[in-house]
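# Results of the structural survey
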Amino acid sequence: MDRNLTALKPALVWKHFSEITRIPRPSHHEEKIRKYILDFAAALGLEHKEDEAHNVYVRKAASKGMEDKKGVVLQAHLDMVPQKNNDKVFDFEKDAIDAYIDGDWVTADGTTLGADNGIGAAAILAVLEDDTLVHGPIEALFTATEETGMDGAFGLKGGLLQGDILLNLDSETEGELYVGCAGGLDVNICMNYPSEAAPCEGYTAARLTVKGLKGGHSGIQIVCQRANANKTLFRFINAMMEQHGLLLVSVDGGGLRNAIPREAEATVLVKTEEYAAVEAALAAYEKTVIAEYAGIEESISVKMEQCDMPEQMMGREEAIKLTRCVVACPNGVMKMSMSMHGLVQTSTNLARVVSDGKCVKLQCLIRSSVRSEKEELGAAIKALFSMAGANTELTGSYDGWNPNMESPILKAMTLSYEQLYNQKPAITAIHAGLECGIIGSNYPNLDMISFGPTICYPHSPDEKVNIASVAKFYDFLVQTLKNVPQK
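One structure accompanies this document, and this report is about it. (Residues numbered from 1 in each chain as written. Predicted model: local features only at pLDDT ≥ 70, side-chain atom pairs only at ≥ 80, totals over all residues. Heavy atoms only, no water.)

### Re the overall build of the chain
Let me state the cut-off plainly: Each helix corresponds to a stretch of at least 4 residues labelled H or I by DSSP, and each strand to a stretch of at least 2 residues labelled E; elements are numbered beginning at the N terminus. Just to be clear, the radius of gyration here is over C-alpha atoms, and the globule rule we use is 2.2 Å times residues to the power 0.38. Residue burial is assigned from relative accessible area. The probe radius is 1.4 Å, only protein chains are included, and a residue is buried under 20% of its type maximum, exposed over 50%, and partly exposed in between. Contact definition: two residues touch when any of their heavy atoms are within 4.5 Å. Only the protein chains shown count as covering a residue, and every accessible area follows the Shrake-Rupley method with a 1.4 Å probe. As used throughout, the charge tally considers Lys and Arg to be positive and Asp and Glu to be negative, leaving His and the chain termini uncounted. To locate a charge, take NZ of a lysine, CZ of an arginine, CG of an aspartate or CD of a glutamate.
Tallying secondary structure elements over the chain gives 11 helices and 23 strands in all. In terms of overall dimensions, the chain is globule-like: its C-alpha atoms have a radius of gyration of 24 Å, near the 23 Å expected for 487 residues. Taken over the C-alpha atoms alone, the chain extends approximately 85 × 50 × 40 Å along its principal axes. Evaluated residue by residue, the chain yields a buried proportion of 58% over its 487 residues. Contacts spanning at least 24 positions in sequence make up 79% of the contacts within the chain whose residues lie at least 6 apart. Carbon and sulfur atoms form 48% of the exposed surface of the chain, whose accessible area is close to 19700 Å². The positive charge centre, built from 46 side chains, and the negative charge centre, built from 65, are 2 Å apart in the chain.

Quick look at the structure:
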């Protein structure tokens, strides 16, 4: 594997990205990447600070003759999504990402790469370092903990930013300019349950596993109609409870709230005399799921193997209620936009189902560009689980970012792209929670655009960034800074 990222062009961007991959930075563990950026700014003699929300701010004066240009805020987030393959031994709080060049792409060995949003951060650092560039006043804003709640954006106070334009570098298709995004709502569910003694005789313990799914970003890839490991697992458990009296011991499905679940497992008890029948039903079920997702998922695996008999299991009544709720819980695309072809308007992702011996915790992330639909879907999920006696909290609500098709920076960037590549960029919105909407609530006069290089399969171990697109993205960023409108 070729791991020499610093040989790629543009050199400054890849230099910084290579260094960023070596810095552990999962959400809530961003102290090392903050220090890296603050030390970098100090070494260059640039104004810098860390605010109360742990955002990092750096300011660079305009180049000579550009002092009358509108000020630009370059924005990216510090954290990355920590996802790995089940057989990969890796500690995201300690280990460096093993990034390497794979043909036209840069990817990682068995883990997320962190190009989301490490490439955006690297591009900003390159701009701050390169004194040959032509630009007006620049502010760099590196926000904290975007992936698990957008904490930095929510904590950003008014009055810090002085710029007129915000360029968010967190989009994932080169040649597209994003002028709007979805809002979001977290659904946090807790279902308490009593444990009871596992039957001493007549049952065999088994571990059910669902794996091999693609997963991905729950905003960007939700339109791909990929399988959800939690839904796939509980669909089978529900059928076997009804047909064979299956008992549920524990469950651990999914990962982060904004990632489509790739893997899920449950420990169950099967009547020994019916074990062969359940095995046969599982083999048939696996074929059914594979057929249903033909052309979408290529590596679905649904398996069962015997394991040690546990002493305790989930209460039978509560296990049935949980299973039925998970089966009934909305998941995936709820509605497509009528105003923008191909754009998801409202969706939900059943991201997490995990038991701890006392309660089952579930997480859904709802996204919508229509506030009322987001709230209605949250209320529906809450109503569903309330019938099973669960406690549901709706938290972290934020509104989307509405497009401004008359935006001055949109017009300037469209012209810059045409000058560089002799074609117009695509202008669209995204079904993901960009920080623009939240930042814009405190800075309503900011003129905002989001763009970036081509990143495939973010939030999954298959994440990769296209090398040629990074060069186009950075050249476009440099050209944009050069062509920023006057104040």
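### A word on helix H8 (residues 371-386)
Cut-off, in case you're wondering: By this rule the span expected of a helix is its residue count minus one, scaled by 1.5 Å. Note that the arc is defined by the directions from the helix axis to the C-beta atoms.
Here H8 contains 16 residues, and its C-alpha end-to-end distance of 23 Å stays within 8% of the 22 Å for a straight helix at 1.5 Å per residue. Turning to H8, its buried residues number three or more, namely Glu373, Lys374, Leu377, Gly378, Ile381, Leu384 and Phe385. End-on view of H8: buried residues confined to an arc of 135 degrees, all on one side of the axis. Each element contacted by the buried residues of H8 is listed here: strand E9 (183-192), helix H7 (316-328), strand E16 (332-336), strand E17 (344-355), strand E18 (359-368) and strand E19 (391-398).

### Things to note about the packing of aromatic side chains
To keep things clear, this is the line we draw: Put simply, two rings from Phe, Tyr or Trp (the six-membered ring, in Trp's case) pair if the centres are within 6.5 Å, and we call them stacked under 30 degrees between planes, edge-to-face over 60, tilted for the rest. Criterion for a charge above a ring: Lys NZ or Arg CZ within 6 Å of the ring centre, and within 35 degrees of the ring normal.
In this structure the tally under the stated criterion is eight aromatic pairs. Where Trp14 meets Phe17, the ring centres are 5.9 Å apart and the plane angle is 85 degrees; that geometry is what we call edge-to-face. Highlighted residues: Trp14 and Phe17, both in helix H1 (residues 11-21), separated by three residues, approximately one helical turn. Summarising the burial analysis for this pair, Trp14 and Phe17 share the class buried. Here Phe451 and Phe476 contribute two aromatic rings whose centre-to-centre distance is 5.3 Å and whose plane-to-plane angle is 70 degrees, an arrangement assigned as edge-to-face. Taken together, the residues Phe451 in the loop between strand E21 (447-450) and strand E22 (455-456) and Phe476 in helix H11 (residues 467-482) connect sequence positions 25 residues apart. On the accessibility criterion, Phe476 (3% relative accessible area) is buried. We note Lys464 situated over the ring of Trp105; from NZ or CZ to the ring centre the distance is 4.4 Å. Between Lys472 and the ring centre of Tyr421, over which it is positioned, the NZ or CZ distance is 4.5 Å.

### Side note on unusual backbone geometry
Following Lys9, the chain continues to Pro10 via a peptide bond in cis, the omega torsion being 0 degrees. Summarising the element assignment, Pro10 is placed in the segment before H1. The residue after Asp116, namely Asn117, is reached through a cis peptide bond having omega 5 degrees. Relative to the elements of secondary structure, Asn117 occurs in helix H3 (residues 115-129). Its identity is not glycine, yet Gln225 carries a phi of approximately 60 degrees, on the positive side. Taking the relative accessible area as the measure of exposure, Gln225 reaches 44% and is therefore partly exposed. We note that Tyr457 has phi near 55 degrees; this positive angle belongs to a residue other than glycine. Within the fold, Tyr457 resides in the loop between E22 and strand E23 (464-466). Given the relative accessible area of 31%, Tyr457 is considered partly exposed.

### Let's talk about the packing of helix H9 (residues 408-421) against H11
To keep things clear, this is the line we draw: For helices, the axis comes from a line fit to the C-alpha atoms of the stretch in contact; other axes are also lines fit to C-alpha atoms, and the angle between any two N-to-C directions lies between 0 and 180 degrees. Orientation labels follow simple angle bins: below 35 degrees gives roughly parallel, above 145 gives roughly antiparallel, 65 to 115 gives roughly perpendicular, and whatever is left gives oblique. Here a crossing is taken to be left-handed if its near helix is turned anticlockwise relative to the far helix by less than a right angle, and right-handed if that turn runs clockwise. Put simply, Ala, Val, Leu, Ile, Met, Phe, Trp, Tyr, Cys and Pro go in the nonpolar bin, Asp, Glu, Lys and Arg in the charged bin, and everything else, Gly too, in the polar bin.
As a packed pair, H9 and H11 sit with axes 9 Å apart at the nearest point and diverge in direction by 125 degrees. Judged by the angle between their axes, H9 and H11 are oblique. Seen from above, H9 lies across H11 with right-handed handedness. Two secondary-structure elements touch here, H9 through Ile409, Met413, Ser416, Tyr417, Gln419, Leu420 and Tyr421 and H11 through Lys472, Asp475, Phe476, Gln479 and Thr480. Of the residues assigned to the contact of H9 with H11, the class counts are six nonpolar, four polar and two charged.

### Re the environment of Thr111
Structurally, Thr111 is set in the loop between strand E5 (105-108) and H3. Residues in contact with Thr111, not counting those within four places in the same chain, are Gln83, Lys84, Lys88, Phe90, Phe92, Ile97, Ser460 and Pro461.

### Considerations on H1
Of the residues making up H1, those classed as buried are Val13, Trp14, His16, Phe17, Ser18, Ile20 and Thr21. At its buried positions, H1 is contacted by helix H2 (31-43), strand E4 (99-102), E5, H3, E23 and H11.

### Remarks on the packing of helix H5 (residues 229-244) against helix H6 (residues 275-292)
Where H5 contacts H6, the two axes come as close as 11 Å, and the packing angle between them is 145 degrees. At the point where H5 passes H6, the crossing takes the right-handed sense. Taken together, the residues of H6 that come into contact with H5 (itself represented by Thr232, Arg235, Phe236, Met240 and His244) are Ala277, Val278, Ala281, Leu282, Tyr285, Thr288, Val289 and Glu292. Here the residues of the contact of H5 with H6 are counted per class, giving eight nonpolar, three polar and two charged.

### A short note on the sheet that holds E22
The strands that make up a sheet are held in pairs by hydrogen bonds between backbone atoms, and each pair lies either parallel or antiparallel. Worth spelling out the cut-off: When DSSP finds two or more bridges between two strands, those strands count as paired.
Strand order in the open sheet made by the four strands is E4-E5-E23-E22, with antiparallel pairing throughout. A single partner strand is all that each edge strand has here, and the edge strands are E4 and E22. Pairing geometry for E22 and E23, over two bridges, is antiparallel. Bridge pairing links Cys456 to Lys464 in E23. Sheet strands in contact with H11 are E4, E5 and E23, and its direction is about 60 degrees off that of E23.

By themselves, these are just geometric observations and shouldn't be taken as functional.
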